[in-house]
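Examination of the molecular architecture
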Amino acid sequence: MVQTLDTLRETPSQTAGPYVHIGLMPGWAGNPGAFETELGQTPAGDGAKGERIEITGAVHDGTGAVMRDALIESWQADAAGVYPGQDGADPAVSGFGRFAADPDTGLFTLKTIKPGAVTLPDGRVQSPHIALWIVARGINIGLMTRVYFDDADRDGDPVLSRIEQRHRVETLVAKPEGEGHWRFDIRLRGDGETVFLDL
Amino acid sequence: MTDTTRALGREMGRDPAPGPGRLIPRDLSAHPVPYDPDYKTSVPRSPSLPLLSLESTPTEETGPTFGHGDLGALDANLVLNWTRGEAQAIGERILVHGRVLDEMGRGVPHTLVEIWQANAGGRYRHKKDGYLAPLDPNFGGCGRALTDEHGHYAFFTIKPGAYPWPNRGNDWRPAHIHFSVFGHSFGQRLITQMYFEGDPLIDRCPIVATIKDRSQIDRLVAPLDLSHARPLDHLAYKFDIVLRGRRQSFFENRPEGM
Ligand SMILES: [Fe+3]
């Protein structure tokens, strides 16, 4: 026998299910009376420094079908690469976004500012990126991934450089579609499967 | 910091770093399997390739914060919040309360907990829910609350009904409340479901059964808690939630003697 550790185990995840929208985006889901404010609608408010961008895309299932019920959250640094809550962060940047696939087209849009590169405590530099967390019916534990940008220097990014199959790096890179517009698709399974992160 | 701790930091693979420690890596065996043919929708919606496992970075170690300014006075009261206090929802009145903790057993203070649920008949106020049970005109089905300084939260609501869903021949969801919890780091983000003690549908539910460790399923079943019930008014259920913790960074940022 040994001494017992006094740590606890994490509570297990369960799927967000098909009705997640009434809990997390009730106004968007047609229940505007529920709360007075809806969270995650302005990752970057008026006066936020940096370039305004819109990222549009869709979540695809393993058959290639577009998912019309996915809900996504985003978290990012400000234009200087500082996270909200850290010293010197841009007060106009909340960093947190919450958006859903359109129930007809399956398209989602994230309106925010382009984040800056993030310097890690050990001096390595993370290329500008936005973290995404995807939940939906059929997803038993929320899926974490990242959006990087095609026009940024991504050499040496500590996450991208750990992807062994180099062609899969492209699944994390948004492509430009005109001034300030970016396209980013997420593929849950099979051909072109997005790299999902456990970190 | 002493030269000794600096040296140890280098020995452990990097220079001592400021800020709190890394997130404890997720023990995925505590969680459901992503792919489970008994829950049919998970088949096309689960990755086929392994996740990329890495040590957390500031991206996952930081996260959004919410304050009382983000919440309305009735947000945690689902019996009243849909009608703004004008009328009460139908159903068995319950208090659902508990603590949000981390893996170190510390309460997680001032963090956002959001819930959503079906009404007493098992019907959601959602465009996609076509179940024949009626909507309750006085029930919206969502609530949110901040934990206090010790990690406690509480919701006042009604017990949701079980409902059937298209999966296998005749699958029913046990009565459940969906929970969304933030913690203080984006990497702690968790969505789960709370079930009710004694419900015979729990053991027959393919969504519950995506969790392969029986002891972990038990962690989602809230016991009846008469100590928090109120005679002639409501019953109570207790539901504690544990989020990922952060490693103690003994050799990274601790001034000597702490
Ligand atoms: Fe449900």
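Residues numbered from 1 in each chain as written. Chains lettered and ligands numbered in written order. Predicted model: local features only at pLDDT ≥ 70, side-chain atom pairs only at ≥ 80, totals over all residues. Heavy atoms only, no water.

We now examine the overall build of chain A. Looking only at helices and strands, chain A has one helix and twelve strands in total. When its helices and strands are written in sequence order, chain A yields α-β-β-β-β-β-β-β-β-β-β-β-β. Taken over the C-alpha trace, chain A has a radius of gyration of 18 Å; the compact-globule value for 199 residues is 16 Å, and the two agree within 12%. Over its C-alpha atoms, taken along the principal directions, chain A stretches across nearly 60 × 45 × 40 Å. Across the 199 residues in chain A, those meeting the buried criterion constitute 58%. Here the contacts in chain A between residues at least 6 apart in sequence split such that 65% fall between residues at least 24 apart. When the 18 basic and 29 acidic side-chain charges of chain A are each reduced to a single mean position, those positions are 4 Å apart. (Helix = DSSP H or I, 4+ residues; strand = E, 2+ residues; numbered from the N terminus. Rg over C-alpha atoms; globule rule 2.2 N^0.38 Å. Buried < 20%, exposed > 50% of the residue type's maximum accessible area, 1.4 Å probe, protein only. Contact = heavy atoms within 4.5 Å. Lys, Arg positive; Asp, Glu negative; His and termini not counted. Charge placed at Lys NZ, Arg CZ, Asp CG, Glu CD.)

Turning our eyes to something else, we now look at the side chain of Glu61 of chain B. Residues and elements named next belong to chain B. Following the sequence through the fold, Glu61 ends up in helix H2 (residues 58-61). Residue Glu61 is classed as buried on the basis of its relative accessible area of 10%. Ignoring sequence-local partners within four residues, the contact set of Glu61 consists of Arg22, Leu23, Ser56, His184, Ser185 and Arg246.

This part takes up the UniProt feature "domain: Intradiol ring-cleavage dioxygenases" (unreviewed entry) in chain A. Listed under "domain: Intradiol ring-cleavage dioxygenases" (unreviewed entry) in the UniProt record, and renumbered for this structure, are residues 39-190 of chain A. Secondary structure across residues 39-190 of chain A divides into 0% helix and 36% strand, with the first and last C-alpha atoms of the span separated by 33 Å. (UniProt positions renumbered as here; feature names shortened; annotations may be inferred.)

With that settled, the discussion passes to the interface of chain B and chain A. Contacts between chain B and chain A engage 87 residues on the former and 70 residues on the latter. The largest share of the area that chain B buries against chain A comes from Arg45, Leu52 and Phe186 of chain B, three residues that together contribute 12% of it. Joining chain B to chain A, the criterion identifies seven salt bridges. Note that Arg98 of chain A is salt-bridged to Glu114 of chain B, the shortest N-O span being 2.8 Å. At the surface where chain B touches chain A, the tally comes to 53 residue pairs in polar contact (both at pLDDT 80 or more). Of the residues contributing to the side of chain B that touches chain A, the split by class is 39 nonpolar, 27 polar and 21 charged. Sheet topology places strand E12 (residues 197-198) of chain A next to strand E1 (residues 52-53) of chain B; two bridges connect them, and they run parallel. Residue pairing across strands places Asp198 of chain A opposite Ser53 of chain B, the latter belonging to E1 of chain B. (Buried area = accessible area lost by both parts, 1.4 Å probe. Salt bridge = Lys/Arg side-chain N within 4 Å of Asp/Glu carboxyl O. Polar contact = N/O pair within 3.5 Å; in protein donor to acceptor, adjacent residues only side chain to side chain. Nonpolar A, V, L, I, M, F, W, Y, C, P; charged D, E, K, R; others polar. Pairing = 2+ DSSP bridges.)

How two aromatic rings sit relative to each other is set out by the distance from centre to centre and by the angle between their planes. For the structure on display, the rule yields 15 aromatic pairs over all chains. With a centroid separation of 5.9 Å and 20 degrees between ring planes, the pair formed by Trp75 of chain A and Tyr83 of chain A is classed as stacked. Residue class for Tyr83 of chain A comes out buried when judged on its relative accessible area of 0%. Judged by centre distance (5.6 Å) and plane angle (40 degrees), the rings of Phe99 of chain A and Phe108 of chain A are tilted. In this structure Phe99 of chain A comes out as buried when scored by relative accessible area, which is 7%. A residue is classified by how much of its surface remains accessible, and Phe108 of chain A, at 2% relative accessible area, is buried. What links up through ring pairs into an aromatic cluster is the set Tyr153, Phe155, Phe179 and Phe239 of chain B. Against the face of Phe196 of chain B rests Lys159 of chain B, its NZ or CZ located 5.1 Å from the ring centre. A cation over a ring is seen here: Arg189 of chain B above Phe182 of chain B, with NZ or CZ 3.9 Å from the ring centre. (Phe/Tyr/Trp six-rings, centres within 6.5 Å; stacked < 30°, edge-to-face > 60°. Lys NZ or Arg CZ within 6 Å of the ring centre and 35° of its normal.)

With that settled, consider the UniProt feature "domain: Intradiol ring-cleavage dioxygenases" (unreviewed entry) in chain B. Per the UniProt entry, the sites bearing "domain: Intradiol ring-cleavage dioxygenases" (unreviewed entry) are residues 96-124 of chain B in this numbering. Here residues 96-124 of chain B is 0% helix and 41% strand, with 19 Å between the C-alpha atoms at its ends.

All names here are of chain B. Read across the sheet, five strands follow the order E4-E3-E8-E9-E10 without closing on themselves; strand pairing throughout is mixed. Pairing within the sheet leaves two strands with one partner each, and these edge strands are strand E4 (142-146) and strand E10 (221-222). With four bridges connecting them, strand E3 (residues 112-116) and strand E8 (residues 176-181) associate as antiparallel partners. Across the sheet, the residue bridging to Trp116 is His178, located in E8.

Right, let's get into the coordination of the iron ion. All names here are of chain B. Protein coordination of the iron ion is provided by Tyr124 (OH), Tyr163 (OH), His176 (NE2) and His178 (NE2), with donor distances spanning 1.9 to 2.2 Å. Bound by four donor atoms, the iron ion shows angles of 90 to 165 degrees at the metal and therefore irregular coordination geometry. Positions of the donor residues of the iron ion along the chain correspond to the pattern Y-x38-Y-x12-H-x1-H. With Tyr163 in strand E6 (residues 163-165) and His178 in strand E8, the pair connects residues that are 15 residues apart, well separated along the chain. Look at His178 and you get buried, because its relative accessible area is 3%. (Donors = N, O, S within 2.8 Å, 3.2 Å for Na, K, Ca; no water. Tetrahedral: all angles 85-135°; square planar, octahedral: opposite > 155°, others 65-115°.)

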